[in-house]
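# Commentary on secondary and tertiary structure
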Amino acid sequence: MNKKVVVIIAVIALVAILAVCLTACNADSISKKLEKAGYVVTSVDKDDMDDEVAIEWGVVGVKGEFSLSSGISGDMVTVIKFAELDDAKKYAEEAEKSDMTVKRISKIVYVGTEQGVKDAM
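In this text the structure is predicted, and so the values were computed from the model without any measurement.

When we look at burial in helix α2 (residues 27-36), the residues that qualify are A27, I30, S31 and L34. Buried residues of α2, seen end-on, are gathered within an arc of 100 degrees and therefore sit on one face of the element. Turned more than 90 degrees away from the buried face of α2 sit D28, K32 and K36, all of them exposed. Of the residues one or two after α2, G38 is the one with positive phi, at around 95 degrees.

Quick look at the structure:
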């Protein structure tokens, strides 16, 4: 009987943690986290993207200065939640060919400077 109670409590705790993780990973929470860290944030929704790849939302954060001639003098991150897992995997594979840091968690892909990705996660 004691083992059953422990198993039930463990399952309930796991479901609660999963619910928090799934609801905490959205464009608003990432935007707020980046703004708090000093980033200028722009949000992108699926209506702003092309029809080749279906996304649910995207967030772009920039901290510091960027120019085409002098390059990056700060941190940046782009976070995209794809509608399909295969699209997220393909995007992450392509992004890894650049010199940026890339992290993928299920359908969400983080691409940017090392610190930018850390700040967004």
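The next point concerns the pairing of strand β4 (residues 101-105). Pairing geometry for β4 and strand β5 (residues 108-112), over 5 bridges, is antiparallel. Its bridge partner being in β5, I105 is matched across the sheet by I108. Taking the residues between adjacent antiparallel strands as the criterion, β4 and β5 are bridged by 2 residues, where S106 takes a positive phi near 55 degrees.

Turning to the side chain of D119, a few remarks are in order. As for its placement among the helices and strands, D119 is situated in helix α4 (residues 114-120). Buried charge D119 goes without a salt bridge, the closest partner of opposite sign being K63 at 4.8 Å. Beyond its immediate chain neighbours, meaning those up to four positions away, D119 contacts K33, L34, A37 and Y39.

Attention now moves to the pairing of β5. Regular strands place side chains that alternate from one sheet face to the opposite one. Most of β5 sits out of view: 5 of its 5 residues are buried. Neither face of β5 is open: one carries I108, Y110 and G112, the other V109 and V111, and all of them are buried.

The nonpolar side chains of a soluble globular protein tend to be buried, and buried together. If you look at the biggest cluster of nonpolar residues, it comprises 13 residues, and the most contacted ones within it are I30, L34, W57, V59, V79, Y110 and A120. Ranked by residues supplied to this core, first place goes to α2 with 3 residues.

With that settled, consider helix α3 (residues 85-95). Structural remark: α-helix, 3.6 residues per turn; residues separated by three or four positions point the same way. Within the span of α3, buried status applies to A88, A92 and A95. One side of α3 holds all its buried residues, which, seen down the axis, span an arc of 65 degrees. For α3, the exposed residues lying more than 90 degrees away from the buried face are D86, K90 and E93.

Thresholds applied
Residues numbered from 1 in each chain as written. Predicted model: local features only at pLDDT ≥ 70, side-chain atom pairs only at ≥ 80, totals over all residues. Heavy atoms only, no water. Buried < 20%, exposed > 50% of the residue type's maximum accessible area, 1.4 Å probe, protein only. Helix = DSSP H or I, 4+ residues; strand = E, 2+ residues; numbered from the N terminus. Arc of directions from axis to C-beta. Pairing = 2+ DSSP bridges. Lys, Arg positive; Asp, Glu negative; His and termini not counted. Salt bridge = Lys/Arg side-chain N within 4 Å of Asp/Glu carboxyl O. Contact = heavy atoms within 4.5 Å. Core = buried A, V, L, I, M, F, W, Y, C linked by side-chain atoms within 4.5 Å.

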